[in-house]
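Residue-level structure breakdown
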Amino acid sequence: MSKLEEILEFNKNFVENKEYEKYETSKNPKKKMVILSCMDTRLTDLLPRALNIKNGDAKLIKNAGAAIMHPFGSIMRSIIVAVYEFNADEVFVVGHSGCGMCNLNTEGLLQKVKDRGISEETLNTLANGGIDVKGWLHGFDSVEKSIEDSVNMIKNHPLMPEGVAIHGLIIDPATGKLDVHINGYEK
Ligand SMILES: [Zn+2]
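Residues numbered from 1 in each chain as written. Predicted model: local features only at pLDDT ≥ 70, side-chain atom pairs only at ≥ 80, totals over all residues. Heavy atoms only, no water.

Labelled according to an unreviewed UniProt entry, the chain appears under the name carbonic anhydrase, originating from Clostridium bornimense. Word for word, the UniProt comment on the chain under Sequence similarities (unreviewed entry) is "Belongs to the beta-class carbonic anhydrase family." Heading Catalytic activity (unreviewed entry) of the UniProt record for the chain holds this comment: "hydrogencarbonate + H(+) = CO2 + H2O". (UniProt positions renumbered as here; feature names shortened; annotations may be inferred.)

Structural data, given as structure tokens:
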């Protein structure tokens, strides 16, 4: 059975047995918060449980490394929408120790790109168009620094209103323990 078939079969039973009932909630985050975290598989269930986040409590945004790459990219856009449209008044940037985006081997990754059949010519075309693929794929050197950069980008964003607390936390993907790196209540 393919992964898709497996999912569809499970899904059919899920809906038939009304297992969705225990998840019913609204699109407005009850706890008025946005969480930006990493796509790390260890955090899929651990992060919401360790933060006591239930369905309906928070807007949860995830990407590789919990990093905001661009002040007008999709992550920042999601945060702005959550603040204005869904009344979020606190933002939690939750990075984690042992992140795959920390000291990512971009040379090795680019080699894999080539090994999978992407031509040198394509990479050159991108480079000539001003796209620095290696720089774009690059993660960060330390999770602390990455969290500081993300928190500062949110804090100083021209569309971010006053009165939104921006926190920076680090979660241990083994135990779920949280460390406060930046306390958004402190000025
Ligand atoms: Zn990560």
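Don't stop here, the text continues.
Spatially, β2-β1-β3-β4-β5 is the arrangement adopted by the 5 strands of the open sheet, whose pairing is mixed. Both edges of this open sheet fall to β2 (58–63) and β5 (178–182), since each of them pairs with a single strand only. Strand-to-strand twist across the sheet, computed as the mean angle between neighbouring axes with direction ignored, equals 25 degrees. Bridge count for strand β3 (residues 90–96) against strand β4 (residues 165–171) is 7 bridges, and the pairing is parallel. Directly across from glycine 95, in β4, lies its bridge partner isoleucine 170. Each of β1 (33–38), β2, β3 and β4 is contacted by helix α2 (residues 43–50), which is oriented at about 145 degrees to β1, the strand it contacts most. Sitting on the sheet, helix α3 (residues 74–85) is in contact with β1, β2 and β3, with an inclination near 175 degrees to β2. (Pairing = 2+ DSSP bridges. Helix = DSSP H or I, 4+ residues; strand = E, 2+ residues; numbered from the N terminus. Axes fitted to C-alpha atoms, helices over the stretch in contact; angles between N-to-C directions. Contact = heavy atoms within 4.5 Å.)

Taking the UniProt record as the reference, the feature "binding site: Zn(2+)" (unreviewed entry) is found at Cys38, Asp40, His96 and Cys99. Spatial clustering of the annotated residues is evident: they stretch over 62 residues in sequence, but the largest pairwise C-alpha distance comes to 8.9 Å. Here aspartate 40 falls in the buried class, since its relative accessible area comes to 13%. A distance of 2.8 Å separates a polar atom in the side chain of aspartate 40 from the backbone nitrogen of arginine 42. Dropping the residues within four chain positions of it, cysteine 99 is found in contact with Cys38, Gly65 and Phe140. (Buried < 20%, exposed > 50% of the residue type's maximum accessible area, 1.4 Å probe, protein only. Polar contact = N/O pair within 3.5 Å; in protein donor to acceptor, adjacent residues only side chain to side chain.)

Helix length check: helix α7 (residues 143–155) (13 residues) gives 18 Å between terminal C-alpha atoms against 18 Å at 1.5 Å per residue, within 8%. Taken residue by residue, α7 has Val143, Ser146, Ile147, Ser150, Val151 and Ile154 as its buried positions. An end-on view of α7 places all buried positions within 130 degrees of arc, on one side of the element. Residues of α7 that are buried in the fold lie against α3, β3, β4 and β5. (Expected span 1.5 Å × (residues − 1). Arc of directions from axis to C-beta.)

This next bit is on the nonpolar core. Within the largest apolar cluster, 38 residues are counted, with the highest numbers of intra-cluster contacts made by Ile35, Ile79, Val94, Ile154 and Met160. Looking at this core, the elements that each hand over two or more residues are β1, α2, β2, α3, β3, α7 and β4. The greatest single-element share of this core, amounting to 6 residues, is contributed by α3. Setting aside chain neighbours within four positions, we find valine 94 in contact with Ile35, Leu36, Ser37, Cys38, Leu47, Leu51, Ala66, Leu169, Ile171 and Leu178. (Core = buried A, V, L, I, M, F, W, Y, C linked by side-chain atoms within 4.5 Å.)

Tracing the backbone shows serine 37 in strand β1. In contact with serine 37, other than residues within four places in its own chain, are Leu43, Leu47, Ile61, Lys62, Asn63, Ala66 and Val94.

Sheet topology note: the β4/β5 ladder contains 4 bridges and is antiparallel. Looking across to β5, one finds that glycine 168 is bridged to isoleucine 182.

Within the secondary structure, histidine 181 sits in strand β5. At a separation of 2.7 Å, a polar atom in the side chain of histidine 181 contacts the side chain of glutamate 148.

Here the focus is the coordination of the zinc ion. The zinc ion binds to the protein through Cys38 (SG), His96 (NE2) and Cys99 (SG), with metal-donor distances spanning 2.0 to 2.2 Å. Linear spacing of the donor residues for the zinc ion on their chain is C-x57-H-x2-C. (Donors = N, O, S within 2.8 Å, 3.2 Å for Na, K, Ca; no water.)

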